[in-house]
Amino acid sequence: MKTQLVLLLSWPISMASGYTTVPKPSSSTAKIFHRRAFLSKIAGTIAATSGASLFSPNSASAAAPDTNLQNVYFGAGCFWHVQHEFVLAERSILGRKDNELTSLTGYAGGLQTDSDGRVCYHNFQSIADYGKFGHGEVVGMSIPESKIEDFAVEYFKLFGDKGERADPMDKGGEYRSLLGLPGGSKHPAYPQVEAAGKVRGMTLVDGKGNDPDTLGKRLVYVYDSNKFPFYQAEFYHQYHNDFLTPAYGKEYNNLAATALEDGRIKITGCPDRVAPTSVHKVKDNQTIVLASVGVIGIASIVMVVYILWAKPRFLHMPIYDKIDEDSAEPVVV
């Protein structure tokens, strides 16, 4: 890639040198020489670039970027920590910017949704509770098929040397270890994923849905994401700090509002901190609220000053009686 860039950047210089080195025998032939030199330089540059592409080990990916994106998901305990790690992976492996990140918290691996197709976090209304529906916490993302192995390597790092998730205190099927690929264990990249797990001493088995916890078993359930799809979690759970580590910072937390505004995060219809009416203007709503509080505060101060100064007749306040005792013109109320 660097070779190609150097060649392309040097193309204008090469053309310029072609014009300066061609002799000028006469005004009638100068144009011909210039044209031949120009075409010669272009042909040489194209040939050199093509040669570099043919023999450069990275030329295939540079010439034809992998656009075969796959929707996959990974789960290992609480999804807050897992999301943060895959955000780092998207940045380091794929070079994605903040507005290109796809890692979102969600639920998968269950056999049921409610009548509206919802899967929700635990809530007081008992609406579409993901635990009751047999789902586990996961992080879904859209990545090139050729990078699934790299992301699998990052996933299995989450289990540490002991092969255990980072939050063993969280128990239950909601926190089981699981991953989802289109086609499950029949996916072309599955052998590489399985190999990455074996390096960490993990065993992969096909999930059947509503599977139990994997705590202490060094086990990961593999699901066909076409049969066991990903259900995005509520806005509240996106880019959230994890309780096991220091806070990730406001810059990270604010990624949620940005993703909501540009449509990468959807309103789920589940009980959440963000109402459907505020989908497009999360940050603007915060500004409006602060501005409203300020206006109300200023109006209240103005009203109090007016009452103390004007002493309107429709109000009777003891403070006026004290003031009027010393007044030459007592106020009749």
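Quick summary incoming for the structure in this document. (Residues numbered from 1 in each chain as written. Predicted model: local features only at pLDDT ≥ 70, side-chain atom pairs only at ≥ 80, totals over all residues. Heavy atoms only, no water.)

### Side note on the state of the cysteines
Tallied over the entire structure, the rule returns 1 disulfide. Put simply, Cys120 and Cys270 are joined by a disulfide, and their sulfur atoms are 1.9 Å apart. Here the disulfide of Cys120 and Cys270 is left-handed, its torsion about the S-S bond being about -75°. Remark: Cys270 occurs in the loop between α8 (255-261) and α9 (282-310) and Cys120 occurs in the loop between β2 (104-108) and β3 (136-144); sequence separation between them is 150 residues. (Disulfide = S-S within 2.5 Å. Helix = DSSP H or I, 4+ residues; strand = E, 2+ residues; numbered from the N terminus.)

### A short note on the environment of Tyr252
Locating Tyr252 in the fold gives a position in helix α7 (residues 250-253). Placed 165 residues apart in sequence, Tyr252 and Val87 show a C-alpha to C-alpha distance of 9.6 Å. If we ignore the near neighbours within four places in the chain, the residues touching Tyr252 are Trp80, Gln83, His84, Val87, Tyr239 and His240. (Contact = heavy atoms within 4.5 Å.)

### Focus: the pattern of salt bridges
The full count for this structure, using the stated rule, is 9 salt bridges. Asp98 is paired through a salt bridge with Arg91; the nearest N and O atoms lie 2.8 Å apart. Here Asp98 falls in the partly exposed class, since its relative accessible area comes to 31%. Arg91 sits in the partly exposed class, given a relative accessible area of 34%. Taking the shortest distance from any N to any O, the salt bridge between Asp116 and Arg118 comes out at 3.6 Å. Among the residues examined, Asp116 registers a relative accessible area of 57% and is labelled exposed. Within this structure, Asp114, Asp116 and Arg118 form a network of salt bridges that share partners. (Salt bridge = Lys/Arg side-chain N within 4 Å of Asp/Glu carboxyl O. Buried < 20%, exposed > 50% of the residue type's maximum accessible area, 1.4 Å probe, protein only.)

### Describing the nonpolar core
In summary, soluble globular proteins display a tendency toward joint burial of nonpolar side chains. Counting 34 residues, the largest nonpolar core has Phe86, Tyr155, Phe156 and Leu179 as the members making the most contacts within it. Taken together, the elements giving at least two residues each to this core come down to β1 (69-76), α4 (79-94), β3, α5 (148-157), β4 (177-181), α6 (190-199) and β6 (219-224). Apart from the residues within four sequence positions on either side, Phe86 is in contact with Phe74, Ser103, Met141, Phe151, Tyr155 and Leu158. With 13 residues, the next largest nonpolar core counts Leu101, Leu104, Leu255 and Ala259 among its residues. (Core = buried A, V, L, I, M, F, W, Y, C linked by side-chain atoms within 4.5 Å.)

### What about α4?
Along its 16 residues, α4 runs 21 Å from first to last C-alpha, staying within 8% of the 22 Å computed at 1.5 Å per residue. Taken together, the buried positions of α4 are occupied by Phe79, Trp80, His81, Val82, Gln83, His84, Phe86, Val87, Ala89 and Glu90. The inward-facing, buried residues of α4 abut β1, β2, β3, α5 and α7. After α4 finishes, the residue Gly95 shows a positive phi value of roughly 65°. (Expected span 1.5 Å × (residues − 1).)

### Points about the packing of aromatic side chains
Summed over all chains, the structure comprises 14 aromatic pairs. Centroid distance Phe74 to Tyr155: 5.0 Å. Interplanar angle 40°. Geometry classified as tilted. Of the two residues, Phe74 is situated in strand β1 and Tyr155 in helix α5; the sequence distance between them amounts to 81 residues. You'll find Phe74 and Tyr155 in the same group, each marked buried. Ring geometry for Tyr121 against Tyr130: centres 5.5 Å apart, planes inclined by 20°, an arrangement best described as stacked. One aromatic cluster is present, built from ring pairs that chain together Phe74, Phe86, Phe151, Tyr155, Phe156 and Phe159. (Phe/Tyr/Trp six-rings, centres within 6.5 Å; stacked < 30°, edge-to-face > 60°.)

### Things to note about the sheet that holds strand β7 (residues 231-232)
With mixed pairing, the 7 strands of this open sheet are ordered in space as β5-β6-β4-β1-β3-β2-β7. In the strand order of this sheet, the two ends are held by β5 (203-206) and β7, each with one partner. On the sheet, α5 packs against β1, β3, β4, β5 and β6 and is oriented at approximately 10° with respect to β1. This element, α6, spans β4, β5 and β6 of the sheet and lies at about 135° to β5. (Pairing = 2+ DSSP bridges. Axes fitted to C-alpha atoms, helices over the stretch in contact; angles between N-to-C directions.)

### Some points on the packing of α5 against α6
For any two helices packed against each other, the geometry is given by the interaxial angle and the distance between the axes. Two elements in contact, α5 and α6, have axes separated by 9 Å at closest approach and are oriented at 25°. Classified by the interaxial angle, the pair formed by α5 and α6 is roughly parallel. Of the two possible hands of crossing, α5 and α6 adopt the one that is right-handed. Note on element contacts: α6 touches α5 through Gln192, Val193, Ala196 and Gly197, opposite Ile148, Glu149, Ala152, Val153 and Phe156. The residue makeup of the contact of α5 with α6, split by class, is 6 nonpolar, 2 polar and 1 charged. (Parallel < 35°, antiparallel > 145°, perpendicular 65-115°, else oblique. Left-handed = near helix turned anticlockwise from the far one by under 90°. Nonpolar A, V, L, I, M, F, W, Y, C, P; charged D, E, K, R; others polar.)

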